[in-house]
Amino acid sequence: MKGLLVRASLRHLGRHPWLTALSLVGIALGVAVVVSIDLASGSAMRAFERSTDAVAGRATHQLMGGTSGLPERVYRDLRVRADAPISAPVVEGYVQATVGDRRTLTLLGMDPFAESPFRDFSGNNATGDVSTLLTQPGTVLLSARAARALGVGVGDVLPVRVAGRDKQLRVMSLIAPANEDTARALESLALADLSTAQEVLGQEGRLTRVDLILPGGEPQAEQLRATLPPGTELVRASARTGTLEQMTRAFRTNLTALSLLALVVGMFLIYNTMTFSVVQRRGLLGRLRAVGITRRELFALVLGEALVLGIVGTVAGLLLGIILGRGLVGLITQTLNDLYFVVSVRRLVLEPLTLSKGLALGLGATVLAALVPAWEAARSAPVTTLRRSTLEDVSRTRAPWLALMGLLLLASGVGMLNWPTHALLPAYAGLFGVLLGAALLVPWLTERLSLLAAAPLGLTFGLLGRMAARGVRTSLGRTAVALAALMVAVATTVGVGLMVSSFRGTVMSWLEASLLADVYISPASMVARREDASLAPGLAERLRSTPGIAGSSSLRLTHVQVNGMLTDLAAVDLSRTSVRTYRFKHGDDASTWRQLESSPDTVVVSEPLAFHRGLRVGDTVQVATDRGAHGFRVVGVYFDYGSDVGTVLMPRATYDRWFDDRGVSGVALYAAPGQDVDALLASVRERAGDSQALLIRSNRSLRQMSMEVFDRTFTITQVLRLLAICVAFVGVLSALMSLQLERARELAVLRATGLTPGQLWGLVSLQTGLLGLLAGLFSMPLGVGLAYILVHVINQRSFGWTLRLAVSPETLGQALLLSLVAAALAGLYPAWKMARANPALALREE
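Each chain has its residues counted from 1, following the order in which its sequence is written. Reporting of local features is limited, given that this is a predicted model, to residues whose pLDDT is at least 70; pairs of side-chain atoms are given and counted only at 80 or more, and all residues count toward the totals for whole chains, interfaces and linings. Derived side-chain values reflect all non-hydrogen atoms in the structure, with water molecules and hydrogen atoms excluded from consideration.

### Digging into the overall build of the chain
If you tally the helices and strands in the chain, you get 29 helices and 22 strands. Throughout this description, buried means an accessible area under 20% of the type-specific maximum (1.4 Å probe, protein chains only), exposed means over 50%, and partly exposed covers the range between. Taken across its 846 residues, the chain has 55% of its residues classed as buried. Once local pairs closer than 6 in sequence are excluded, the contacts in the chain between residues at least 24 apart make up 82%. What counts as a helix is a DSSP run of H or I of at least four residues, what counts as a strand is a run of E of at least two, and both are numbered from the N terminus. What makes two residues a contact is simply this: any of their non-hydrogen atoms within 4.5 Å.

Shown next, in the form of structure tokens:
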């Protein structure tokens, strides 16, 4: 008997290859989006972790300095202590090769005599003379892989750019580690002598850090910490990776959640497919029950079919996810480089855990979506299963109860969204609750609206119009699922589209209010949104004295420990201008600036920092300065969309008092009245000379560049949106095609009673058009609701930004058009097939 059931199931799937294929495509796309995002973001983070581990070596702790690193004397004093720990000085920075694949390299300067306890590169099949690193300046050691990619060999010159300056390094040795993990870790690493790295990176006399091995653990660390000079901090070696992991957590969580939306749409597709499979075979299932097949066997039959579809679709989705991941890893890497830190990802890493998670998600979603159709098939008595009308009667009876459940889910989702917490999980739980609740409202709303639509359609199109409206209502058990799938998919595209456009509009307004100077000068930086490189000494003053300038300001942007966490620090010199471009969320503008400039112990913080750290006006933050940790009172919270990590801002005079760093990251110039800005730009370029590669831009070009960075960071979001649209289109195509093909007998009866092929085309087109119109109408309020959640809840909790939601009529119009086009295309094949079919044959086959 089991063999008979299996053959019947396979025969059914084989008779409907297009619908089976669409179901497989739907689940495959859903799985592929999740897997590709996970693989791409995981590869980027693992590449960073591998390079960090290679640089940190076997160090357990690290001595860190202020914004400009550690003076060399700290290391010398440490070495002569009676209880001196195992230590090694390190100078670290980034250089960008200007040949080959132009990759970014981590330049690691070290002392070979102190290195062996921390990092051992001697046993890695070196070719060339390693000893020249000590005897010849400007020499480096590369991995063989990096050398091949850059097109250089032993003895060749490697041109690089660092902080806007062009430098030349000579490759004196290559290493080819036999271990694959080590080879990947060294793929973007250049090793140099300590003095060479200091000269190339402009850190003469200073160290980035001192690596330590403290076998005594935290008790030994506490003893050492108590004797450190002011401005020197002892941290665990793993703290850096943990901090950057925390910085990017919200970004990666949002990508994962958006990818899961595509899988949710795929679940609707599987549910629709299995429901159609049960409805179409209701006669067969009824006969099987009548001849003794048990409920359990029928339940297992339907669930087994779904599992077969799930296995095939999920495996295809894993393969497609790997292909998509190879394309997405570049987008994610670019976003990380724009927003957070420098990372070089050369290849996609296939993690078994990610692939296993994709397999579990695909199979789990398929089985979950098939549970209700399987239960429907098993629970019906044979006599009711044989009657088609029974199912639709049950669907109409159940619609009000489903609507009530939907309202309860909506209420619980709204409750989760209003839960006073910064955690993202309740926000996403609330978002999915709103989606599911809205989907459960669809059957009742469809029944009500199709009744209302009968009269106007009848007046416009006559009998065919009334038949189309009644057909939607009488086949509610199938039309509601198709509508819900399309509504959720289109609403997702609306929500994400409105979120991105609102975000873009807010950032554009902020840039217009913030970028008031006429000319901006900054050195080239490795990370697009962080001007942490410095202008050459004396250059800032020379540029600020350019003729034709009415005022100027300067900025120093660096990183410090604030309340124990790595944070951006901005020092602004506004002494030569009356313009104040910062706008405060908490605190009066004029009084806040007065406090900031009159008291050396005050700062203002950006909105994201205040949100994530729970800071308010009047609170005190502990900043690790070059004079030791010092408390600064917060006197204002300002709007800032340049960093989601958060920034502490202080006057340059305060910065110079507490820090030894005298670097300048950027200069803003205000043209005198009547001064031509283009002429001023030319004068500034002439004064700057060619000693350093600079970015000299007008406020318009800087705004344009900033928006280009913004658009790059949201490219991955737009890709996910397009993939969700693809899944939605496949879903509605499958749902409406199955609906129309399932009506073969009904349409054959109409043809037999005199309906012409043209009228049949009109009937099917009207019905699918009505379904598309309803789905579009349903998706618009849901899409606006999703946009509100994304803008005011999820983005707020993720990044700490206050955004203005702007509802664009164009986006809503596109949603309605998408629904209508998808529905119209879905009705083409069934209408064509039934218009050509022989009515007698269709009746006989049925």
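### Structural notes on the packing of helix 17 (residues 463–474) against helix 27 (residues 757–799)
Axis separation between helix 17 and helix 27 bottoms out at 9 Å; the angle between their running directions is 50°. Overall, the two elements helix 17 and helix 27 adopt an arrangement that is oblique. For the element pair helix 17 and helix 27, the recorded crossing hand is right-handed. For the pair helix 17 and helix 27, the contacting residues are L464, G465, M467, A468, A469, G471 and V472 in the first and Q759, L763, L766, Q767, L770 and L771 in the second. Classifying every residue of the contact of helix 17 with helix 27 by side-chain character gives 9 nonpolar, 4 polar and no charged. For every element, the axis is a line fit to its C-alpha atoms; helices are fit only across the contacting stretch, and the angle between N-to-C directions ranges from 0 to 180 degrees. Relative orientations are named as follows: roughly parallel for angles under 35 degrees, roughly antiparallel for angles over 145 degrees, roughly perpendicular for angles from 65 to 115 degrees, and oblique for any other angle. Note on convention: the crossing is left-handed when the near helix lies turned anticlockwise from the far helix by less than a right angle, right-handed when the turn is clockwise. All amino acids are sorted into three groups, where Ala, Val, Leu, Ile, Met, Phe, Trp, Tyr, Cys and Pro are nonpolar, Asp, Glu, Lys and Arg are charged, and the leftover types, Gly among them, are polar.

### Quick look at the nonpolar core
Residues belong to a common nonpolar core when they are buried Ala, Val, Leu, Ile, Met, Phe, Trp, Tyr or Cys residues joined through side-chain atoms within 4.5 Å. The biggest cluster of nonpolar side chains holds 59 residues, and the ones touching the most others in it are M487, L782 and I794. For this core, the elements supplying multiple residues, two or more each, are helix 16 (424–461), helix 17, helix 18 (476–514), strand 21 (666–671), helix 24 (699–713), helix 27 and helix 28 (809–836). Looking at which element gives the most residues to this core, the answer is helix 18, with 16 residues. Aside from chain neighbours lying at most four places away, what touches M487 is A438, A439, V442, A775, F778, S779 and L782. The next biggest cluster of nonpolar side chains, apart from the first, holds 40 residues, and it includes V74, L107, L158 and L234.

### Some details on helix 16
A turn of α-helix holds 3.6 residues, and therefore any two residues three or four places apart point the same way. Consider a residue and the seven residues that end there alongside the seven that start there; fitting an axis to each set, the bend is the angle between those axes. The largest bend in helix 16 comes to about 35°, at V442, with the proline P443 one to four residues further on. A positive backbone phi angle near 75° is found at G462, which sits one or two residues after helix 16.

### Some words on the pairing of strand 15 (residues 565–576)
Two strands are said to pair when DSSP picks up at least two bridges between them. Across 10 bridges, the pairing between strand 14 (residues 549–562) and strand 15 is antiparallel. Residue pairing in the sheet places Q561 in a bridge with L566 of strand 15. Connecting strand 14 to the antiparallel partner strand 15 that follows it, the hairpin turn spans 2 residues, and N563 within it adopts a positive phi of roughly 50°. Two elements, strand 15 and strand 20 (residues 647–651), share 5 bridges in a ladder whose sense is parallel. Bridged to A571 within strand 20 is M650.

### Structural notes on the environment of M416
With respect to the helices, strands and loops of the structure, M416 is situated in helix 15 (residues 388–417). Considered as a pair, M416 and A429 are 13 residues apart in the sequence and their alpha carbons are 7.0 Å apart. Excluding residues within four positions of it along the chain, M416 makes contact with P426, A429, G430 and R797.

### So, the environment of L747
Here L747 lies in helix 26 (residues 744–752). Relative accessible area serves as the criterion here: at 1%, L747 is assigned to the buried category. For the pair L747 and V764, spaced 17 residues apart in sequence, the C-alpha to C-alpha distance is 9.3 Å.

### Some thoughts on the pairing of strand 20
Among the 5 residues of strand 20, 5 are classified as buried, and the element is accordingly described as predominantly covered. Neither face of strand 20 is exposed, since T647, L649 and P651 on one face and V648 and M650 on the opposite face are all buried. The pairing of strand 17 (residues 602–606) with strand 20 spans 2 bridges and is antiparallel. Paired with V605 across the two strands is V648, which belongs to strand 20.

### Points about the packing of helix 16 against helix 27
Angle between the axes and distance between the axes are the two parameters that describe a pair of packed helices. Two numbers describe how helix 16 lies on helix 27: the axes approach to 8 Å, and their chain directions differ by 155°. Judged by the angle between their axes, helix 16 and helix 27 are roughly antiparallel. In this structure, the crossing between helix 16 and helix 27 has a hand that is right-handed. Partitioning the contact of helix 16 with helix 27 into residue classes produces 24 nonpolar, 2 polar and 1 charged.

### Section: the side chain of Q198
Relative to the helices and strands, Q198 is located in helix 8 (residues 194–201). Residue Q198 is classed as buried on the basis of its relative accessible area of 7%. Within 3.5 Å is the distance limit for a polar contact, defined as a pair of N or O atoms, with the added protein rule that one can donate a hydrogen and the other accept it, and that residues adjacent in sequence qualify only through two side-chain atoms. One polar contact links Q198 to E72, side chain to side chain, over a distance of 2.8 Å. Aside from chain neighbours lying at most four places away, what touches Q198 is E72, V91, Q203, E204, G205, R206 and L207.

### Some points on a nonpolar patch on the surface
There is a patch of nonpolar side chains on the surface, built from W761, L817, V821, L825, L828 and W832 and spanning about 550 Å² of accessible area. With respect to the helices and strands, the residue L817 is situated in helix 28. Residue classification places L817 among the exposed residues on the basis of a relative accessible area of 53%. For patch detection, residues must exceed 30% relative accessible area and be free of salt bridges, and they are connected within 9 Å for like charges or within 5 Å for nonpolar side chains (Val, Leu, Ile, Met, Phe, Trp, Tyr). Note that accessible areas follow from Shrake-Rupley with a 1.4 Å probe, and for residues the cover is restricted to the protein chains shown. Any Lys or Arg side-chain nitrogen found within 4 Å of a carboxyl oxygen on Asp or Glu counts as a salt bridge.

### Details of helix 20 (residues 589–598)
Within the sequence span of helix 20, burial applies to T592, W593 and L596. Buried residues along helix 20 cover an arc of 95° about the axis, so they all sit on one side. For helix 20, exposure combined with an orientation more than 90 degrees from the buried face picks out R594 and S598. Of the surrounding secondary structure, the elements contacted by the buried residues of helix 20 are strand 15, strand 16 (584–586), strand 17, strand 19 (628–638) and strand 20. Think of the arc as the fan of directions from the helix axis to the C-beta atoms.

### Structural notes on the pattern of salt bridges
Under the definition given, this model contains 14 salt bridges. Between D211 and R209 there is a salt bridge, with the nearest N and O atoms lying 2.8 Å from each other. Accessibility expressed as a relative area gives 0% for D211, which makes it buried. With a relative accessible area of 4%, R209 lands in the buried category. Between E447 and R448 there is a salt bridge, and its shortest N-O distance comes to 3.8 Å. Taking the relative accessible area as the measure of exposure, R448 reaches 36% and is therefore partly exposed.

### What about the packing of aromatic side chains?
Two rings belonging to Phe, Tyr or Trp (six-membered ring only in the last case) form a pair when the distance between their centres is within 6.5 Å. Interplanar angles under 30 degrees mark stacking, angles over 60 mark edge-to-face geometry, and anything in between is tilted. Inspection of the entire model under this criterion finds 8 aromatic pairs. Pairing Y582 with W593 gives two aromatic rings, centres 6.0 Å apart and planes at 55°, and the pair type is tilted. Highlighted residues: Y582 in the loop between strand 15 and strand 16 and W593 in helix 20, separated in sequence by 11 residues. With 6.2 Å between their ring centres and 45° between their planes, Y641 and W801 make a pair best called tilted. Taken as a pair, Y641 in the loop between strand 19 and strand 20 and W801 in the loop between helix 27 and helix 28 lie far apart in primary sequence, 160 residues in all. Connected via pairs of aromatic rings, a cluster forms that spans F503, W510, Y641 and W801. In this scheme, Lys NZ or Arg CZ marks a charge over a ring once it lies within 6 Å of the ring centre and within 35 degrees of the ring normal. Between R580 and the ring centre of W593, over which it is positioned, the NZ or CZ distance is 5.5 Å.

Just geometry here; none of it tells us what the structure is for.
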